[in-house]
Structures are given as structure tokens and as C-alpha cells.
Amino acid sequence: MITLTNLSKIFRTELIETHALREVNLQVEEGEFAALTGPSGSGKSTLLNILGTLESFDSGDYLLDGKSINGLSDSALSKLRNEKIGFIFQGFNLIKDYSIFDNIELPLRYRGLKPAERKQRIEHALELVGLHARRHYFPSQLSGGQQQRVAIARAIAGKPRILLADEPTGNLDSLMARQVMELLEQINQQGCTILMVTHDPDQARRAGRNIQIIDGQLHDSTLYEPLSAQSA
Amino acid sequence: MEQFIYYLKVSFKGIKRAPLPYALTIFILSVGLGVFFANATFYYQLNRDPLPHKSDKLFFPMLNLVPYECSTDCKTPSVLSYNNVEKLSQTDIPTQAAAMYSADGYLRQSTEQAPLPVSIRITQRDFFSLFDVPVLHGSIWPDNSARHEVILTKSSAEKLFGRTNVIGEKLLLDDRNVTVAAVLDTWQMLPRLYDANNQNHLSDTDDIYLPLETGYDMNYLSNTQSQTFDDTDYRQLSTQGRTGALHQLQYWVQLDTPAQQQRYWQFMANLVQDEKAAGRHPSAPNNQLVAMRNIVSYFGGESSDIKAFALVTLLFLLVCLFNASHLSLNRYLSNQYEFSLRRALGASRSQLQLQMLADVLLMAIFTIIGALITGFAGIKLMNQLLPANSLFSNWDLPLLLSLLVIAFVCSYLVTLYPSLRASFGTLNQQLKE
Ligand SMILES: Nc1ncnc2c1ncn2[C@@H]1O[C@H](COP(=O)(O)OP(=O)(O)OP(=O)(O)O)[C@@H](O)[C@H]1O
Ligand SMILES: [Mg+2]
């Protein structure tokens, strides 16, 4: 479902060039639950952002469902983000003066769904994360774990086929982290492909696959060999 | 529609987050627009064409047919003698024509009443059809001969009698008997271009109308321009005014076609040549025929202070626009995080532009209300400072519509750059902050 070939990303500032990703090759199949691990600054968030089309890349190719995202227009990319991809950010990124309900509604709004359809999806997502009773609360009235569950609900309300999660349990204590992890596993069992950045080795082990990034290079992509290596 | 209401709600949320900068933006825009608009009102009204369908067909002929040879500063006089008007009337080329001047008098119903000061336009029959004056009751004088009949405006009829249908009623005009021949309907030619040669075109219409011959007979002296080029005593209008070189008459002719205009021009040239041959035209001929459309600029009557003021207020509006967009840029940048979040969740740029349009609409509505209030106050203030121009402070539909358009454009400009900046940021960077 996801194929990256020789993908590189360089951040340029006036002083330095940071090679955040170097010639990354990666293949992710539908329904996988993969953990991305690696030291801080190794390029995990960068990779996830590129997968989520929030960030551009300098060279290489990114195929989503067999189609290259190179050269897609802004509206095509927006549509793709909106319909195929759910994103859980490193922070929760909820809008503070919007209710839980309104926060989850955001991506559905831009998809042009009918009000009834939106409501049904939001309520379904809220039930899944166990926050239906608090749908009229504001983010500040929830605990960190609950806020993260709202962020997850927002990511999955649009029924994406890929869920990209950047340290979804990073800000949570171990009990809450476990609950969130269980929730993600449940979502994965319903067929959603998940890529999750984590620092927790336990969580990485619970995921079906462990991809390690060190200094912008993929190390443990056991299931995938570069095309060039195969043909050799 | 439901989506647009959502956009409006989002705009409101944004306003609620930082109400003060928003109110300040609206305030600055309103003041800038209001001041500009108050001034634009005067500029527009003072420069408007009161008779757009015929202002290029009405002409003001001038001759330097005077009995002395001009040596310095030989400008053709803008007014004609009775004698000259008679000569100019010896043709049927114009569709219609009327000579006129103005005088002051007192009017009352009986000697027991206190007299009402009135300004009198002393003129000929065609005046009313030349300038499209509507008649409410009665009828205009059938010809140009002397008759003791006045025509009243609606408001002077109401002032004198308390009603308008007063045809045949007797009045005392400076204690001489006249009867009312007609009452005009409400009429205000703004500016009164037929009086532009006296720079008098910005004042109110006259109160009553008297036939030219009667005006001369009753010895009504001109209250504006009158020049004597011989030893005629201008105070002896009834006896010497018709024969001497006493120039005080404005003369207007209607020439509908270019051919008519050409023929009239030729007629004037021939007339002056004949006069020269007869020894009554010592100066070099210098005839003028000015269209009503150009009459104000011909006599240099454009109000330059209003023009300068309009320019200043335009600059002021620009400064306000810059300030407002600076404020609004700050507002948008503080909301940039939310913009980026929406983009990350799948809003396209064009959807965010629609959001911006909702912002613009809201801002335009508030700004229009503010600008109308400041504009209205500005006009009241101007009327206090320059009462002479107060006739020209009315708002009409085209003026109001253009205010709406300008307010919308300004709101758009103020919102455009900031929102473009906000929607083109690098997504992931702002989400980290
Ligand atoms: N916008 C940027 N401009 C310049 N350099 C950047 C930018 N974003 C990331 N980098 C650099 O790219 C490298 C990879 O960053 P990235 O955020 O992907 O790391 P990470 O693996 O997610 O780290 P962490 O575990 O701390 O979140 C880092 O060296 C970082 O400094
Ligand atoms: Mg990171």
C-alpha cells in the first residue's frame, strides 16, 4: 500500500544542511501495524510527515496505492490527506475553544459529508474511544489521556485506511499509554494500517513489525529489500 | 449553505479569541472609509451633471459686442445687454432659448402681512423647458411679453398660502400687484449650472419667477453681475436698460444637433461681422459658445478645496488600510496554528479561501456599518464648517452602492495578504509549535 524508493529529505537552513532521511526504501502492506523507533532526531517524525503528505521530499518516490504522489495538486493532496490518512500528532493538536464534538468534526467538514453522516461517524468514533458522554466538553476539561483519545477519534472518524501516529503515548503515564495502545490495536484489527512512532520497547514489541531509523537511514526493514538489490 | 454558516461560525470563534485587535481593525477601517466617504459625497454631488441627457445640447453664447475698443485684458463678457439678446433672438436656429438674471424682492399677500424676502429669477418662457422644470399647477407664460404674473416654487407657495394650488391668487411684489400663473413642483437643479458664470451654481434655487420684460419694467436691478460699457445708469433699468450697453443677462440656447450648433456659430459670426460693418463693434470679434457640460471649468468655478480635501482623505484611507492590514496580519499569524491544523486534516487551500471569504464578509458588514456612522457624522460636521455646500450632502443609491463595493474591497484587501500568508506556511513546522 505504501512504497518508498530511495527517498531523501534534506532540511536546509542558512548555516547547515540536515540530511533527515537518506535514501529510504520502505514497503508497508495493507493491515500492518508497524512501530517506528530510533533515537531522538533520527528522522522518525520527518518520515511520518512525508507519509502524511505534510512535508515534501527532495528525491526518490512515494507511491500510495501504487500511485506516485509526486506532482499532485494541492487540492488532490488535501483530498488524499482527508480521505485516506488519519494523523495523530506528537502534541494533541486539539483546538482549545472547540468542543470535543467540533474538534472531531474538523476533517469531516472538509470532506463535504452530510450533517447526519457526520454526526453518526463522530458518535461512532467517540464510542470507540469511550468518550461519548463527554462530547460537549472542551479539551481543557479532559485529562491528557482523554485528549489523546479525542485526537485518535478525530484521526479515525473519517475511516482512513492508514493511521499515522507520532508518539501517541509519549505524554501519557503507563496506564493511560496501555489503554491507548489497546485502542490502536483494536483499530488495527478492524483493518486499518498503522504506523506508529514510539520510544517504548514494549510497545514496539507489541506491534507486528519494528522499523528502526538511525541517522536518517532505515535499518530493520526486514520485510523489504530495495528493488535494486532484488534484481541483482 | 450549511457549510458557509459553519465558515461564519469559525470566523466568529476567531473574533472571540482576540476581540480587541479585531474591533480596532474595524474601527480604523470605518474611520478611514467614513471620512473618505463624507468627502467623496461632496465631490460627487458638486461635480455631478444635473441634466446628463442634454448638458451637451444647452449652450451659453457670449459676444464682445460692446461700444468701445478693448486694448487690455480682452475677455468676452459673460453677460449680454438686452440689446444683444434681442439681436441673438433674431433667429429660429435654437430649439429654444431664454435670457435671465436674478434680483431680490419682497412678497406678501396684503399690506397687513410682514413681507417675505424672496430671490427672483427674471427670465423668459423657455427657461422651464430648457432645464426640465416640472410644473405642479397652472401653466407657464405663453410668450415672452410683459405680464404681471409670477411663477412660484412649491415651497414659496406653501410659505405664503399654506397650500400649493394658488393659481390666480393675488400677491404684492414689492407692493405692486401680481397674480400667480403657475406653481412649480419640487425641483432642485444641483448644481444650478445656468448660473455658473457668476460662480453662483452652488446656491439654492430662486423662490419666484418673473417675466424678463416685467422685470425691466419694474426696474428690478441685478443682484449679481452687471457691467455698463457706456454712460447708461444701471439704476435706470426701466428707461435705459433696453437700449444702452448695460450687460447683465445670461442667455441659454438649446442646439440639439451638431448641424444646428454649426449654423448657430455661423449666425453669431455673421451677426458680429454685420455689427462691425455698421461700426458698432470696435473690438476684434471673439465669440464664445460654451456647452453646459463645460461651463463650470470655463468659468473656473471648480471648488479646488474640495478636490484637495478629497485627495487628502484618499491618502488617509490608504494609511488606514495599511494599519488595518498590519493588525489583521498579526491576528492571522496568531491563528496560523489552526490554519495549519485544518490543512493537515485535509482542508484544501481553496476551502481555506472560502473561510477567508466568510471573514471578509463579516468584516465588510461591520465596516460598512461603522463607515456609514462616521460618514454621516462627517457630513454633519462638514455642513457646520462649510454651510454653503450643505445642499450637496445627500446620499443617493449609486453613492451608497459604491460605498458598499469600496468597503468590501477594502475588507478584502485587508484580509487577503494575511490569509494568504497563513495558508501557505509549511504545515508541519507550525504544528510543532
Ligand atoms: N523544519 C526543520 N528545519 C530544519 N531541520 C529540521 C526540521 N525539522 C526537523 N529537522 C531536523 O531533522 C532531523 C530529524 O528530525 P525529526 O523531527 O524527524 O526527528 P525525530 O526522530 O522525530 O526526533 P524525536 O524523537 O525527538 O521526535 C533533526 O536533526 C532535526 O533537527
Ligand atoms: Mg519526532
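In this text, all values refer to a predicted model and were calculated from it rather than measured experimentally.

Visitor: How should the packing of aromatic side chains be read in this particular structure?
Guide: Aromatic rings considered in pairs are described by the distance between their centres and by the relative angle of their planes. All names here are of chain B. Within the structure shown, the criterion is met by 22 aromatic pairs over all chains. Ring centres of tyrosine 6 and tyrosine 7 lie 6.4 Å apart, and the angle between their planes is 50°; this geometry places the pair in the tilted category. Exposure remark for tyrosine 6: the relative accessible area of 8% places this residue in the buried category. Residue classification places tyrosine 7 among the buried positions, given a relative accessible area of 3%. An angle of 70° between the planes, with centres 5.1 Å apart, marks the rings of phenylalanine 127 and phenylalanine 131 as edge-to-face.

Visitor: When you look at the site of ligand 1 in this model, what are you seeing that I'm missing?
Guide: Within the structure, ligand 1 sits among 16 residues, and A:Ser40, A:Gly41, A:Lys44, A:Ser45 and A:Thr46 are positioned closest to it. Two or more chains meet at ligand 1, and those chains are chains A and B. Backbone polar atom of A:Ser42 to an oxygen atom of ligand 1: 3.2 Å apart, as the coordinates give it. With respect to ligand 1, the side chain of A:Thr46 contributes an N or O atom lying 2.5 Å from an oxygen atom. At the level of secondary structure, the elements contributing two or more residues to the shell around ligand 1 comprise strand 2 (17–28) and helix 1 (44–51) of chain A together with helix 14 (427–432) of chain B. Considering only residue class, the shell around ligand 1 consists of 3 nonpolar, 10 polar and 3 charged.

Visitor: Any chance you could explain the domain arrangement of chain B here in plain terms?
Guide: By convention, interface size is frequently given as the accessible area that disappears when the constituent parts associate. Residues and elements named next belong to chain B. If you check the domain split of chain B, you get domain 1 (2–49 + 303–432) and domain 2 (64–286). Each of domain 1 and domain 2 has a C-alpha centre, and the two are 50 Å apart. Contact residues are listed per partner, giving 7 residues for domain 1 and 7 residues for domain 2. Taking both sides of the interface into account, the surface hidden between domain 1 and domain 2 amounts to around 590 Å²; carbon and sulfur atoms contribute 69%. When residues of domain 1 are sorted by the area they lose upon contact with domain 2, Arg48, Leu391 and Phe392 head the list and together hold 69% of the total. Taken together, the links from domain 1 to domain 2 amount to 0 salt bridges. Partitioned by chemical class, the residues of the side of domain 1 that touches domain 2 number 4 nonpolar, 2 polar and 1 charged.

Visitor: How should the packing of helix 2 (residues 19–46) of chain B against helix 12 (residues 349–385) of chain B be read in this particular structure?
Guide: All names here are of chain B. One way to put it is that helix 2 packs onto helix 12 with a least axis distance of 6 Å and a crossing angle of 45°. The angle between the axes of helix 2 and helix 12 places the two elements in the oblique class. In this structure, helix 2 crosses over helix 12, and the sense of that crossing is right-handed. Each residue belonging to the contact of helix 2 with helix 12 can be placed in one class, and the counts come to 13 nonpolar, 11 polar and 1 charged.

Thresholds applied
- Residues numbered from 1 in each chain as written.
- Chains lettered and ligands numbered in written order.
- Predicted model: local features only at pLDDT ≥ 70, side-chain atom pairs only at ≥ 80, totals over all residues.
- Heavy atoms only, no water.
- Phe/Tyr/Trp six-rings, centres within 6.5 Å; stacked < 30°, edge-to-face > 60°.
- Buried < 20%, exposed > 50% of the residue type's maximum accessible area, 1.4 Å probe, protein only.
- Near = heavy atom within 4 Å.
- Polar contact = N/O pair within 3.5 Å; in protein donor to acceptor, adjacent residues only side chain to side chain.
- Helix = DSSP H or I, 4+ residues; strand = E, 2+ residues; numbered from the N terminus.
- Nonpolar A, V, L, I, M, F, W, Y, C, P; charged D, E, K, R; others polar.
- Domains from an automatic or database assignment.
- Contact = heavy atoms within 4.5 Å.
- Buried area = accessible area lost by both parts, 1.4 Å probe.
- Salt bridge = Lys/Arg side-chain N within 4 Å of Asp/Glu carboxyl O.
- Axes fitted to C-alpha atoms, helices over the stretch in contact; angles between N-to-C directions.
- Parallel < 35°, antiparallel > 145°, perpendicular 65-115°, else oblique.
- Left-handed = near helix turned anticlockwise from the far one by under 90°.

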